[in-house]
Amino acid sequence: VRLALGWACWKTYLGRSERDVYRSTAMSVLGTALRESRQPEEALPVLEVNLALTRRYWSHNDRAILGAQSNIASCLADLGR
């Protein structure tokens, strides 16, 4: 169910600006859902883009950057790296 919601969330906010916080959240939700659905290979690029956008537009938000980095670390652990 979470993966279906992740895709629905992404499709809903995809057309918004890269700076849109809801679009960023949707990307994070999708990446996390992919990882938790045992699809870490698909999740990793989504999570990496989310981190890049977070650094670009919300560089002042240390908590958001740390969260995005943590998601990537979890994904890499799932991949055995």
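In what follows, the structure referred to is the one given above.
Residues numbered from 1 in each chain as written. Predicted model: local features only at pLDDT ≥ 70, side-chain atom pairs only at ≥ 80, totals over all residues. Heavy atoms only, no water.

S.K.: Help me get a handle on the overall build of the chain, residues and values and all.
M.R.: Within the chain one finds 4 helices and 0 strands. Mapped from its N terminus to its C terminus, the chain presents α and β elements in the order α-α-α-α. Relative to the globule expectation of 12 Å for 81 residues, the C-alpha radius of gyration of the chain, 12 Å, shows essentially globular dimensions. Across its three principal axes, the chain shows a C-alpha extent of roughly 30 × 25 × 15 Å. Contacts in the chain between residues at least 24 apart in sequence constitute 52% of all its contacts with a sequence separation of at least 6. A total accessible area of about 5,100 Å² is found for the chain, and carbon and sulfur atoms account for 52% of it. Separation of charge centres in the chain, based on 11 positive and 8 negative side chains, amounts to 4 Å. (Helix = DSSP H or I, 4+ residues; strand = E, 2+ residues; numbered from the N terminus. Rg over C-alpha atoms; globule rule 2.2 N^0.38 Å. Contact = heavy atoms within 4.5 Å. Areas by Shrake-Rupley, 256 points an atom, 1.4 Å probe, with all protein chains shown as cover. Lys, Arg positive; Asp, Glu negative; His and termini not counted. Charge placed at Lys NZ, Arg CZ, Asp CG, Glu CD.)

S.K.: Outline helix α1 (residues 2-13), listing residues and values.
M.R.: Between its first and last C-alpha, α1 extends 17 Å over 12 residues, near the 16 Å set by a 1.5 Å rise per residue. Those residues of α1 that sit buried are Leu3, Gly6 and Trp10. Looking straight down α1, one finds its buried side chains confined to an arc of 55 degrees; they lie on one side. In α1, the exposed positions angled more than 90 degrees off the buried face are occupied by Ala4, Leu5, Lys11 and Thr12. Turning to α1, the residues buried within the fold contact α2 (21-36). (Expected span 1.5 Å × (residues − 1). Buried < 20%, exposed > 50% of the residue type's maximum accessible area, 1.4 Å probe, protein only. Arc of directions from axis to C-beta.)

S.K.: Account for the pattern of salt bridges, naming residues and giving values.
M.R.: Counting across every chain of the model gives 4 salt bridges. With a shortest N-O distance of 3.2 Å, aspartate 20 and arginine 16 are connected by a salt bridge. (Salt bridge = Lys/Arg side-chain N within 4 Å of Asp/Glu carboxyl O.)

S.K.: Could you give an account of the packing of α2 against helix α3 (residues 40-57), naming the residues involved and the relevant values?
M.R.: The angle between the axes and the distance between the axes are what describe a pair of packed helices. Taken N-terminus to C-terminus, the directions of α2 and α3 make an angle of 155 degrees; their axes are 8 Å apart at the nearest point. With respect to their mutual orientation, α2 and α3 come out roughly antiparallel. In the crossing of α2 with α3, the sense of the turn from one axis to the other is left-handed. Contact residues: Arg23, Ser24, Met27, Ser28, Gly31, Thr32, Leu34 and Arg35 in α2; Pro40, Glu42, Ala43, Val46, Leu47, Val49, Asn50, Leu53 and Thr54 in α3. Of the residues in the contact of α2 with α3, the class split is 8 nonpolar, 6 polar and 3 charged. (Axes fitted to C-alpha atoms, helices over the stretch in contact; angles between N-to-C directions. Parallel < 35°, antiparallel > 145°, perpendicular 65-115°, else oblique. Left-handed = near helix turned anticlockwise from the far one by under 90°. Nonpolar A, V, L, I, M, F, W, Y, C, P; charged D, E, K, R; others polar.)

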